[in-house]
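The primary structure of each chain is shown beneath.
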Amino acid sequence: MLGSLVLVAGLSGCATAPPAGNDRVIDERQGRFSVQSRQAMTPAEAVQGSFVWRRLVTGWQLDLNSPLGATLARLTVTPTGASLQQPDQPLLRAASARQLLTGVLGASVPVDALEDWIEGRVDDDHGGAVTNIERDELGRAVAFDQAVWRVRFTRYGPSGPGRIDATGQQQGRELELRLVIEQPA
């Protein structure tokens, strides 16, 4: 699964971020990400870097960057579908972000729920049924299950969680996704 992302990371050292487009940005979050994949009898795979997530008038956009700042990928999601741009690769499109990334990575990742997760929301409509919700004393979600994922929100700030950890099992692999979100001052 991570082979595609690791390959992109290795090939994109000289790439620069494409422009944000003509769509107006309503909200923006940025921080660091890491994804790890482990499977019995094979070496673990991992990719990490920084991200910029933007809520747009017509949807949302996620840029993944290498630790040195080169663009690894840009995912754009609108009500009419999703597109993925990678350096020196043709533009890929699908009906949803999950369909698109399942085709690229060979496994389902919780990208449809990302918009909710970044703001500390849980929603059955974006990534599967939500169960086993745990809340803190302020009523904020701190842990829950969604599809094959166990998700934890920590380090809450004024804009939502400052850290999101998701673990899941797919196709005999243990997957870990971590987002550390910079909180506004």
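If you're wondering where the values come from, they're calculated on a predicted model, not measured in any experiment.

Q: An account of the overall build of the protein is needed here, citing residue identities and associated values.
A: Scanning the protein from N- to C-terminus turns up 3 helices and 11 strands. Along its sequence from the N terminus, the protein presents helices and strands in the succession α-β-β-β-β-β-β-α-α-β-β-β-β-β. Here the protein, with 185 residues, has 45% of them falling under the buried criterion. Within the protein, counting contacts between residues at least 6 apart in sequence, those at least 24 apart form 40% of the total. Summing over all exposed atoms, the protein offers an accessible surface of approximately 9600 Å²; the carbon and sulfur share of this is 53%.

Q: Describe the sheet that holds strand S6 (residues 92-94), listing the residues and the values that go with them.
A: Spatially, the 11 strands line up as an open sheet ordered S6-S5-S4-S3-S2-S1-S11-S10-S9-S8-S7, and their pairing is antiparallel. The open sheet is flanked by S6 and strand S7 (130-135), the only strands paired with a single partner. Averaged over all adjacent pairs, the angle separating strand axes in this sheet is 15 degrees, with direction ignored. Strand direction decides the pairing type here: strand S1 (residues 25-39) and strand S2 (residues 42-56), joined by 13 bridges, are antiparallel. Paired with Val35 across the two strands is Val47, which belongs to S2.

Q: Can you break down the pattern of salt bridges residue by residue, with the values?
A: Taken as a whole and judged by the stated rule, the model has 18 salt bridges. Residue Arg74 pairs with Asp63 through a salt bridge whose shortest N-O separation is 2.5 Å. In this pair, Arg74 is assigned in strand S4 (residues 71-78) and Asp63 in strand S3 (residues 59-65), connecting sequence segments 11 residues apart. In this structure, Arg74 and Asp63 share a single accessibility class: buried. Members of the salt-bridge network, linked through shared partners, are Asp27, Arg29, Arg55, Glu115, Asp116, Glu119 and Arg121.

Q: Could you give an account of the pairing of strand S8 (residues 141-146), naming the residues involved and the relevant values?
A: A large share of S8 lies buried, amounting to 6 of its 6 residues. Sheet topology places S7 next to S8; 4 bridges connect them, and they run antiparallel. Each bridged residue has a counterpart across the sheet, and for Glu134 the counterpart in S8 is Ala143. Taking the residues that link successive antiparallel strands as the turn, the S7-S8 hairpin has 5 residues, and the phi of Gly139 there is positive, at about 85 degrees. Connecting S8 to the antiparallel partner strand S9 (residues 149-154) that follows it, the hairpin turn spans 2 residues, and Ala147 within it adopts a positive phi of roughly 55 degrees.

Cut-offs applied
- Residues numbered from 1 in each chain as written.
- Predicted model: local features only at pLDDT ≥ 70, side-chain atom pairs only at ≥ 80, totals over all residues.
- Heavy atoms only, no water.
- Helix = DSSP H or I, 4+ residues; strand = E, 2+ residues; numbered from the N terminus.
- Buried < 20%, exposed > 50% of the residue type's maximum accessible area, 1.4 Å probe, protein only.
- Contact = heavy atoms within 4.5 Å.
- Areas by Shrake-Rupley, 256 points an atom, 1.4 Å probe, with all protein chains shown as cover.
- Pairing = 2+ DSSP bridges.
- Axes fitted to C-alpha atoms, helices over the stretch in contact; angles between N-to-C directions.
- Salt bridge = Lys/Arg side-chain N within 4 Å of Asp/Glu carboxyl O.

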